[in-house]
Amino acid sequence: MENVLFAFGLTLFAGLSTGVGSALAFFTKKTNTRFLAFSLGLSAGVMIYVSMVEIYFKAREALQADLGDVKGAWVTVIAFFTGMFAVMLIDKFVPSHENPHEMHRVEEMRGAAGQKGQENALMRMGILTALAIAIHNFPEGIATFMAAIQEPRLGVPIAVAIAVHNIPEGIAVSVPIYYATGSRRKAFRLSFLSGLAEPVGALLAYLVLMPFLSDTLFGLIFAAVAGIMVFISVDQLLPSARKYGEHHVSIYGLIVGMMIMAVSLLLFI
């Protein structure tokens with residue numbers, strides 16, 4: 001039960017960091033593009049390294065122990081790419097102009113006051129962006145929860161990586177809603193609530209998956225989690241960092257993220 005509460009706490013922390021992005025939009029005057037690009041790169045580095053070096057191989061070990069070496073290895077590969085395709089399907093049904101990974105800058109907030117004429121369209125964009133983020137956060141919540149419940153030492157860096165990548169998503173919700181309404185409170189509220197899908201995903205994992213947890217199910221989930229996190233990194237985090245115009249900075253962050261994850265895994269063997 002202690003592990004369960006710890007895992008829920010991590011998913012709540014990761015999900016509600018959308019509120020941090022919203023707060024940044026309201027209380028800072030200028031977007032620190034280098035910081036965001038580095039942070040997104042670092043987040044991608046952590047997620048790619050831990051997925052390919054640790055989570056994938058733990059999944060394969062569990063599946064091979066239950067299904068045999070050859071069958072277990074094949075099932076691991078299938079589950080890994082199934083996780084990727086699941087996130088791809090989610091992205092496919094999110095219209096590109098309302099995708100939460102369309103980058104915004106906090107400077108946009110400064111010119112919002114007094115603008116009229118597009119309020120309804122902007123409000124719709126903000127609400128749909130919040131909904132899109134909630135949909136994206138759902139599998140991330142499952143991934144964070146299952147990683148933390150099985151390997152608490154993996155849960156913390158994964159939760160931090162997902163939290164970092166949720167910050168610009170919070171800005172993506174806040175900007176159009178603030179433009180439409182002029183209300184900081186309403187923009188913050190919707191941004192904050194969109195992150196609640198993360199702990200809801202964790203709750204679903206707890207209620208539906210935990211009662212049936214076995215070596216095979218654990219291996220399938222872990223392999224899918226690895227696929228989800230690799231896809232999020234290459235499809236969302238790194239392209240988002242490039243949209244801030246700091247390509248090399250994001251790659252430096254990627255390398256540092258991998259190094260941090262490598263050292264932390266060695267320290268806790």
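It should be noted that the structure appears before, not after, this text.
The rules behind the values
- Residues numbered from 1 in each chain as written.
- Predicted model: local features only at pLDDT ≥ 70, side-chain atom pairs only at ≥ 80, totals over all residues.
- Heavy atoms only, no water.
- Helix = DSSP H or I, 4+ residues; strand = E, 2+ residues; numbered from the N terminus.
- Expected span 1.5 Å × (residues − 1).
- Bend = angle between axes of the 7 residues up to and from the residue.
- Buried < 20%, exposed > 50% of the residue type's maximum accessible area, 1.4 Å probe, protein only.
- Salt bridge = Lys/Arg side-chain N within 4 Å of Asp/Glu carboxyl O.
- Phe/Tyr/Trp six-rings, centres within 6.5 Å; stacked < 30°, edge-to-face > 60°.
- Axes fitted to C-alpha atoms, helices over the stretch in contact; angles between N-to-C directions.
- Parallel < 35°, antiparallel > 145°, perpendicular 65-115°, else oblique.
- Left-handed = near helix turned anticlockwise from the far one by under 90°.
- Contact = heavy atoms within 4.5 Å.
- Nonpolar A, V, L, I, M, F, W, Y, C, P; charged D, E, K, R; others polar.
- Core = buried A, V, L, I, M, F, W, Y, C linked by side-chain atoms within 4.5 Å.

Visitor: Would you mind showing me how to read helix H7 (residues 152-181) here?
Guide: Every α-helix winds through 3.6 residues per turn, so residues three or four apart in the chain are directed the same way. With 30 residues, H7 should reach 44 Å at 1.5 Å per residue; the first-to-last C-alpha distance of 42 Å fits that figure. At Ile-167, H7 shows its maximal bend, which comes to roughly 25 degrees, and the proline Pro-168 appears one to four places after that position. With respect to burial, H7 is a largely interior element, 25 of its 30 residues being buried. With its phi angle positive at about 70 degrees, Gly-182 sits one or two positions after the end of H7.

Visitor: How should the pattern of salt bridges be read in this particular structure?
Guide: If the charged atoms of two oppositely charged side chains come close together, the side chains can form a pair. If you walk through the whole model with that rule in mind, you get one salt bridge. Residue Lys-58 pairs with Glu-54 through a salt bridge whose shortest N-O separation is 3.8 Å. Linking Lys-58 with Glu-54, this pair stays in helix H3 (residues 33-67), spanning four residues, or about one helical turn. For Lys-58, a relative accessible area of 21% translates into the label partly exposed.

Visitor: I would appreciate a short explanation of the packing of aromatic side chains in the present structure.
Guide: Geometrically, a pair of aromatic rings is defined through the distance of the ring centres and the angle of the planes. Summed over the entire model, instances satisfying the criterion amount to eight aromatic pairs. Here the aromatic rings of Tyr-56 and Phe-80 are separated by 5.5 Å at their centres, their planes lie at 90 degrees, and the arrangement is edge-to-face. Pair noted here: Tyr-56 is in helix H3 and Phe-80 is in helix H4 (residues 69-92), with a separation of 24 residues, a long-range link. Given a relative accessible area of 12%, Tyr-56 falls into the buried group. Under the relative-accessibility criterion, Phe-80 is labelled buried at 6%. Seen from their ring centres, Phe-188 and Phe-192 are 5.7 Å apart, and the 20 degrees between their planes marks the pair as stacked.

Visitor: Looking at this structure, I do not really get the packing of helix H1 (residues 2-16) against H7. What am I missing?
Guide: At a minimum axis distance of 7 Å, the contact between H1 and H7 shows a crossing angle of 15 degrees. Considering their axes alone, H1 and H7 lie roughly parallel with respect to each other. By crossing handedness, the relation of H1 to H7 is classed as right-handed. In this structure, H1 contributes Asn-3, Phe-6, Leu-10, Phe-13, Ala-14 and Gly-15 to the contact, and H7 contributes Pro-152, Gly-155, Val-156, Ala-159, Val-160, Ile-162, Ala-163 and Asn-166. The residue inventory of the contact of H1 with H7, partitioned by class, reads 10 nonpolar, four polar and no charged.

Visitor: Mind showing me how you'd approach the nonpolar core here?
Guide: When a protein is soluble and globular, its nonpolar side chains tend to lie buried together. With 54 residues, the main nonpolar core has Ile-55, Phe-145 and Ile-158 as its most contacted residues. Counting only elements with at least two residues in this core, the list comes to H1, H3, H4, helix H6 (119-150), H7, helix H9 (197-209), helix H10 (215-243) and helix H11 (247-267). Considering each element in turn, this core owes the most residues, 15 residues, to H10. Residues within four places of Ile-55 in sequence aside, it is in contact with Val-50, Leu-154, Ile-158, Phe-222, Val-225, Ala-226 and Met-229. Ile-133, Val-173, Ile-177 and Tyr-178 belong to the second largest nonpolar core, which has six residues in total.

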